[in-house]
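Commentary on secondary and tertiary structure
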Amino acid sequence: MRKVEALFRPERLEPVMEELGELGYPGVTITEVKGHGKQKGVTHMWRGSEYRVEFLPKIKLEVVVLDEDLGKVVNAVVRSARTGSIGDGKIFIYNVDDAIRIRTGESGFQAI
Amino acid sequence: MRKVEALFRPERLEPVMEELGELGYPGVTITEVKGHGKQKGVTHMWRGSEYRVEFLPKIKLEVVVLDEDLGKVVNAVVRSARTGSIGDGKIFIYNVDDAIRIRTGESGFQAI
Amino acid sequence: MRKVEALFRPERLEPVMEELGELGYPGVTITEVKGHGKQKGVTHMWRGSEYRVEFLPKIKLEVVVLDEDLGKVVNAVVRSARTGSIGDGKIFIYNVDDAIRIRTGESGFQAI
Amino acid sequence: MKKVLLVVLITALLLALFATPVLAQGDGEAKTPDSIATDLDTVWVLLAAALVFFMQAGFFFLEGGLTRAKNVANAMLKGVMDFCLGAIIFWMVGFGLMFGLSRGGFVGSSGFFSNLASADWNGLPLYVFLLFQIAFAGAAATILAGGVAERFKFSAYCIATVVITGFIYPVAGHWIWAQGGWLNRLGMLDFAGSTVVHTVGGVCAFVGAWMVGARVGKYNPDRSANAIPGHNIPMAALGTFILWLGWYGFNPGSLLKASPAIATIAMTTTLSAAAGATMAMLITWGRYGKPDVSMSLNGALAGLVAVTAGCAYVSPVSALIIGIVAGILVVFSVEFIDHKVRVDDPVGAVSVHMVNGIWGTIAVGLFAQASFGQANGVAAVDGLFFGGGLAQLGKQLLGSASVVAWVAVTAGLMFFILKKTIGIRVDEEGQRVGLDLHEHDIEAYPDFQPAISEKGVS
Amino acid sequence: MKKVLLVVLITALLLALFATPVLAQGDGEAKTPDSIATDLDTVWVLLAAALVFFMQAGFFFLEGGLTRAKNVANAMLKGVMDFCLGAIIFWMVGFGLMFGLSRGGFVGSSGFFSNLASADWNGLPLYVFLLFQIAFAGAAATILAGGVAERFKFSAYCIATVVITGFIYPVAGHWIWAQGGWLNRLGMLDFAGSTVVHTVGGVCAFVGAWMVGARVGKYNPDRSANAIPGHNIPMAALGTFILWLGWYGFNPGSLLKASPAIATIAMTTTLSAAAGATMAMLITWGRYGKPDVSMSLNGALAGLVAVTAGCAYVSPVSALIIGIVAGILVVFSVEFIDHKVRVDDPVGAVSVHMVNGIWGTIAVGLFAQASFGQANGVAAVDGLFFGGGLAQLGKQLLGSASVVAWVAVTAGLMFFILKKTIGIRVDEEGQRVGLDLHEHDIEAYPDFQPAISEKGVS
Amino acid sequence: MKKVLLVVLITALLLALFATPVLAQGDGEAKTPDSIATDLDTVWVLLAAALVFFMQAGFFFLEGGLTRAKNVANAMLKGVMDFCLGAIIFWMVGFGLMFGLSRGGFVGSSGFFSNLASADWNGLPLYVFLLFQIAFAGAAATILAGGVAERFKFSAYCIATVVITGFIYPVAGHWIWAQGGWLNRLGMLDFAGSTVVHTVGGVCAFVGAWMVGARVGKYNPDRSANAIPGHNIPMAALGTFILWLGWYGFNPGSLLKASPAIATIAMTTTLSAAAGATMAMLITWGRYGKPDVSMSLNGALAGLVAVTAGCAYVSPVSALIIGIVAGILVVFSVEFIDHKVRVDDPVGAVSVHMVNGIWGTIAVGLFAQASFGQANGVAAVDGLFFGGGLAQLGKQLLGSASVVAWVAVTAGLMFFILKKTIGIRVDEEGQRVGLDLHEHDIEAYPDFQPAISEKGVS
Ligand SMILES: Nc1ncnc2c1ncn2[C@@H]1O[C@H](COP(=O)(O)OP(=O)(O)O)[C@@H](O)[C@H]1O
Ligand SMILES: Nc1ncnc2c1ncn2[C@@H]1O[C@H](COP(=O)(O)OP(=O)(O)O)[C@@H](O)[C@H]1O
Ligand SMILES: Nc1ncnc2c1ncn2[C@@H]1O[C@H](COP(=O)(O)OP(=O)(O)O)[C@@H](O)[C@H]1O
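Residues numbered from 1 in each chain as written. Chains lettered and ligands numbered in written order. Predicted model: local features only at pLDDT ≥ 70, side-chain atom pairs only at ≥ 80, totals over all residues. Heavy atoms only, no water.

Examining the UniProt feature "domain: Ammonium transporter AmtB-like" (unreviewed entry) in chain D
UniProt's feature table lists "domain: Ammonium transporter AmtB-like" (unreviewed entry) at residues 43-445 of chain D, given in the numbering used throughout. As annotated, residues 43-445 of chain D has a helix share of 69% and a strand share of 2%, and its two end C-alpha atoms lie 39 Å apart. (UniProt positions renumbered as here; feature names shortened; annotations may be inferred. Helix = DSSP H or I, 4+ residues; strand = E, 2+ residues; numbered from the N terminus.)

In structure tokens:
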């Protein structure tokens, strides 16, 4: 099992969820995070003084998948989250040792 | 060392913490996340129009444990987070390469 | 590739970011989390009744780095996040199987 | 659509051709001092009524601010609807029971469903008096809201509101404020309603809070109390100031006419409120180590409630003392009710309105001064501390006790019947998700991320 | 700096030595009943104007609360600036067009840029009347804000405000409220402005909302509507109560003098509002399963708007019925406009102000009673239900239809020109990030973490 | 418990039997024009005082909205307590110092602790005048709160409030507003307090902000300023409108009687405020690229402050110009103080109240017109632009400079002593966690998740 952890623009959440839904991977967890990367934050004005917001809001989407589905899921996310401009974000892949479904206690691939 | 990452209903946080406390594992980190899985979101009404909230609030609890304690901790969470209905959530287990305690610089199992 | 996941005091975010910036690792993701550890929460008063807040706010900072940079980054975080009192937090290191840059589709070390 | 419009237009044009326009008539009658005095009283009482009306918003903001985010929309709707239902019911029946022809000093019996083009109540236009009284009835009813906050069924709340404004409150009011009311005839004094409004509302809140039970999570198995902090302090502060503002209608407006006396009344009102807040702040500073914000707000309100009965009978210095006592009382009362009585009163409604309503009523028997009453054109009575002996104090105690008893019994019965029929308590699961979603299917703040609380998401 | 101060001080001292101080003159003239009556009317109308002024805050809080957090600072500034621009423009030209010497009953032609030390308008000091009218013009203009919320360009909004308060509103107002206005002479009755203020504002909102198009995400390709919940229910509730409070200036203040009639007017106003909220609550309870908070708020406002035309002509019972109908109308109208007409009106401005403005105007033709009008010193007319036949109803329909037509055409033209020139719509990206950042480079709530919404961060 | 009740009941019953009820006496005296005029003046000034009282809520909402969430409960309590403490102290000593028998034109010496059943101040009931003045003293004191927001110790703030309302403000007020005050006798004109209230409060804020030092994080080592955005724009907008509403009591109420003049005064007030907001919006639009919300709010207040001195002496057109200048001044002043003077004034209190208080005072010397003053029954003086030469301007400059000097010295001394004794600054750690937790052990918004800010959690 692998965890796909995707960081992308909040406004791409809807298309990403649609693509994942089509793949039959509706089991996802999302977190509101802030990111900083090549994209450098923005400058606002408050009463005549400038201030920088270095961190921009991103969505972190985590979905644990079976190894064989990894490619499909990654491609789906890349496709649907991309806008082409700096700040589109990253996907990181981790190994998952085990998974347990709390409701039933099932573990391993059955839990996903 | 392993990381136990549990996703469960917010209202189960209290019992989960109690169980973990009894195991002597009070070092935990929690994050407010939103999830979507078999449990499908709810429909609300706003001024005569329906709208769906697809993502439901969940708690993500992370606790890094020594390998030998893994079973106990997982069992404790499963026991205390379960309600038996859809949406109870999942536990994922990851391998942790290393841990460092910032305060002291200690690393490895001493840092946990 | 490794993921450095650091949990530390919110007020240390600025120094941590400065140190990381100097190392040339501006690609980071931060999340507001709550933690509980040796540091035990605080007691407040509301209209004559005490109540405990068990979870204290922490920052989770995640940065995926190349293996060779791991030491530098960890040291930088330890240095800049430390205050010396209980509650300074932990750093956990995970292995990352792969990374993909959404904007370009590049993967592996090029994506970082 | 088009055709209809055409027909309408043509008809209208035809009509217009033959119509004799009825223009507004200038009121040709010459102004006399008396007619102007009536006009002035009307303006004054109308504006006072508007200020008292606005207190509703103060009440629901105070309640909302001192309770949790998940119940705030419910607090809003309760505050809106108790006024709306109360206004209609009080106009229909409450007013008649309260100010109608007295039956044995116990209840009024005329003046229901007023629908006259022009009527008069003791020289004041009837409708401005009625409106002022509607706003008072709304205030008495809405005090309940805070006491039973975060767990009372909305349907039962609506019914309770109707019963309070339509029956419980008007009867108590009749006793004290109607010409022939038995306490009125006895000489009990409650100028602007420490008893009539605040004790009535406060006892309702106490009985209601007790019968509905504490909020889930308020008391531990070992009977110790948990604090459940309010979610929005600025909201509570604004609510308090709206209430205070409204009191400038509530107290001086109760004179029901324009006169220099309203100045004195407003002065005593202000000093008592200021003293109440100051004392509450100082005492919490001493007891808890830091000056407590929500208690200081309660302190101001305690001072206002306490001076309400006596504002026209006491001197500024006495008002200050009444407020000081009120500020002390409210802090200890909140703690006492929370920890000893173990009735869960999220916003301190009982301590502010019942305890200080009673205190204020008693205070008249202690601090009244004939010179002040006389100068203000109201009853000239000396209290215990000004050589009047125990006479007035006795009447005040009797009046307060009678009203407490009346409300405790009738409200108790009402809540009991409601409990046995439609139920009054939102179940544990409903309280957990919050009354906003459970009772109204609404999220009050959908764009903000809730904080993780100890018990899960708050 | 020091030197300047020194020079100033010395000069001043010298001046002071030789100066003949001009002290405030006591107004030695004896008070007469007439002069006092004028003083009283001035106080009353001034305070009424202040209450109506404060309705601006009610409007922008209602709009802000019922829309999303990312647009709330924009809602605030719209509400502030439409009053500020409106006040200046209305003083400059609007007032003259509305109340100046009538040109053919269609438009006024004098009284621009009033700058007199002392002037008089029908026995009332000119400036208090002008101020009252400024506040009304502001209300008419700001109704637009809610209808076009969350997508209208701020620059275009400012211009629209100027055109409405400087031209569209005053002309319609002239027809009905000016001595020589053609609808006034015809005998059409609109006591406090169901047509003049609310229909005008509501039609502007309707045309504006239609021409600017729906918010991004409001309608799906299959033409079904998405709900876009408001971000702050307490804010909307407070806004509603501020509006209601303001109505106690709006309606009784429109008599423009102190008299017992203001009591009756305030009474009908209250009952209609209470009935409107109650009905909206009951109907949503029936239709949606739970009593709906924001609709109940709208219900109160619907009742207020509907009784505005008739408040001085109808009985309390009739007012209750008018409010009941208003409460029903508003719920179905919101649904109808949302789902059938498919004009995106985030706060229900069209349903509250246009639909109920029309209903209220018609209601005069149905419920007016000569006895009430006479007692209140205004027009003594009987409506259809009180034996007056269709005459008045026809006039009301004509008046309402004419104003709807006038505003639809002029506002339509205005929005069309704006659209073709500077543009009226914030583009998709601007709406996504929110008007606060896009139009004003500000975050309204930077210290709170936004919730993740379905569409990403809200 | 039961027994006590029984005894009480029996005693009361016995008492009741023998009691001679003292009923309220009807005021049998016939109404005369003079008595009605007094009644009317009382009503008017009382309602004006209530509006000015409510400005407190405007102040604390404005401050709270323009600062960070972690300090908002502190802002609330400061605003509540400065009124409460101020009311008590001003009643005790401030009023006597301000309006008592003048000692050499410098300070009053009678009228302390007023406790009379009925008293009179120049034909007005004493207590309504006193109440109006209490509300003014509260306003003067609370201006400080905004300037020193987010870092001032609460204990020191309470003491400062007492000193300002009990000494600094009344003395300055005596000079200008007391019969025998030296500036009053000289003919300096400050109708409603641009100097007395706003300059005094503004200078206190300036000196306080300077002496307490900037907030942690406000200035960088290179002396450049960081922006620290406010946390709640709707809160600030409502605060501004509450203030504006209050100004309809503040300015016209300062006439202290009902007369057509209050209409003119309200008119000039409105136009200046509208012009101030409009200009601030336009200038920020030009300078920063987008119309700035919080500056536009400040602009309205700047216009209000500036017209306060002259509202009864100037024409509407002049008021518009005064407001335009105020709107310009406030923007540049905020920038100047932030970037050049480097005094950290989180809400612009100095720019709004001190700078525009001075500007408004000077403006009287420029724009006063004898015709307006006369029509309003106040001083008939022509300013520089209306042929009056430099005489009045000199007096205005002298008056403004004297008060600035007085307050700078006394407030400076006060802050200095406080600093050396109990301390005035919350330390770095306290500021980091926020004054709510540090000073009051309270979280203002515990149910909302704070946003992560650059500097960690805000
Ligand atoms: N090395 C990294 N570790 C963790 N998160 C990262 C890393 N690099 C980028 N991110 C996340 O991805 C987001 C987008 O990255 P950025 O460099 O701005 O744009 P792009 O991915 O288009 O090059 C960042 O805001 C941050 O949240
Ligand atoms: N494959 C997955 N990857 C990541 N998170 C998941 C996955 N499946 C489920 N979750 C998380 O677990 C929560 C509960 O899952 P759900 O399928 O609704 O119920 P259950 O666990 O009872 O079958 C989801 O809301 C989501 O947060
Ligand atoms: N075993 C663990 N697993 C996950 N998070 C942990 C663990 N131990 C500590 N943490 C996180 O680190 C934070 C600080 O830890 P704590 O024990 O309080 O202090 P210290 O690190 O100084 O010993 C906690 O609040 C929690 O967020």
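Remarks on the relation of the copies chain B and chain A
You can overlay chain B on chain A at an RMSD of 0.0 Å; the transform is a turn of 120 degrees with a shift of 0.0 Å along its axis. The relationship between the two copies is best expressed as a three-fold rotation axis. The fraction of interface residues of chain B whose copies in chain A are also interface residues is only 10%, indicating that the copies meet through different surfaces. (Least-squares fit on C-alpha atoms with pLDDT ≥ 70 in both. Contact = heavy atoms within 4.5 Å.)

Concerning the nonpolar core
The tendency in soluble globular proteins is for nonpolar side chains to be buried side by side. Counting residues in each nonpolar core, the largest one holds 543 residues, and the members touching the most others are Tyr169(D), Trp244(D), Tyr169(E), Trp244(E), Tyr169(F) and Trp244(F). Look past the residues within four positions of Trp244(E) in its chain and what remains in contact with it is Phe53(D), Phe83(D), Cys84(D), Thr270(E), Ala273(E), Ala274(E), Ala300(E) and Leu304(E). (Core = buried A, V, L, I, M, F, W, Y, C linked by side-chain atoms within 4.5 Å. Buried < 20%, exposed > 50% of the residue type's maximum accessible area, 1.4 Å probe, protein only.)

Some thoughts on the site of ligand 3
Near ligand 3 lie 22 residues; those nearest to it are Thr29(B), Arg101(B), Arg103(B), Lys38(C) and Gly87(C). The environment around ligand 3 is built from residues contributed by chains B and C. At 3.2 Å from a nitrogen atom of ligand 3 is found a main-chain nitrogen or oxygen belonging to Gly27(B). Burial of ligand 3 by the protein amounts to 98% of the accessible area it has alone, namely 550 Å². If you list the elements that add at least two residues to the shell around ligand 3, you get strand 2 (28-36) and strand 5 (56-65) of chain B together with strand 2 (28-36) and strand 6 (90-95) of chain C. Among the elements that make up the shell around ligand 3, the one with the highest residue count is strand 5 of chain B (three residues). Across the shell around ligand 3, the residue classes break down as seven nonpolar, eight polar and seven charged. (Near = heavy atom within 4 Å. Polar contact = N/O pair within 3.5 Å; in protein donor to acceptor, adjacent residues only side chain to side chain. Areas by Shrake-Rupley, 256 points an atom, 1.4 Å probe, with all protein chains shown as cover. Nonpolar A, V, L, I, M, F, W, Y, C, P; charged D, E, K, R; others polar.)

Structural notes on the site of ligand 1
The immediate surroundings of ligand 1 are formed by 22 residues, with Lys38(A), Gly87(A), Lys90(A), Thr29(C) and Arg103(C) found nearest. Nearby residues place ligand 1 at the junction of chains A and C. Measuring from an oxygen atom of ligand 1, one finds a backbone N or O atom of Gly87(A) at 2.8 Å. Note that a nitrogen atom of ligand 1 is positioned 2.8 Å from one of the side-chain N or O atoms of Lys90(A). Contact with the protein chains covers 98% of the free accessible surface of ligand 1, which is 550 Å². Secondary-structure elements contributing two or more residues to the shell around ligand 1 are strand 2 (28-36) and strand 6 (90-95) of chain A together with strand 2 and strand 5 (56-65) of chain C. Tallying contributions element by element places strand 5 of chain C first for the shell around ligand 1, with three residues.

Details of the interface of chain B and chain A
The partner chain A presents 25 residues to the 30 residues of chain B that form the contact. The contact between chain B and chain A buries some 2,100 Å² in all, and 60% of this surface belongs to carbon and sulfur atoms. Sorting the residues of chain B by area buried against chain A places Phe55(B), Lys90(B) and Tyr94(B) first, and these three jointly supply 23% of that buried surface. Connecting chain B to chain A are three salt bridges. Close ionic contact of Glu5(B) with Lys3(A) constitutes a salt bridge, the shortest N to O distance being 3.4 Å. Across the contact surface, chain B and chain A share 13 residue pairs in polar contact (both at pLDDT 80 or more). Secondary structure elements with two or more residues in the side of chain B that touches chain A: strand 1 (2-8), strand 2, helix 2 (70-81) and strand 6 (90-95) of chain B. Considering only residue class, the side of chain B that touches chain A consists of twelve nonpolar, nine polar and nine charged. (Buried area = accessible area lost by both parts, 1.4 Å probe. Salt bridge = Lys/Arg side-chain N within 4 Å of Asp/Glu carboxyl O.)

A look at a nonpolar patch on the surface
A cluster of nonpolar side chains, contributed by Leu384(D), Phe385(D), Phe386(D) and Leu390(D), occupies part of the molecular surface with about 370 Å² of accessible area. In this structure Phe386(D) comes out as partly exposed when scored by relative accessible area, which is 33%. (Patch = residues over 30% accessible without salt bridge, like charges linked within 9 Å, V, L, I, M, F, W, Y side chains within 5 Å.)

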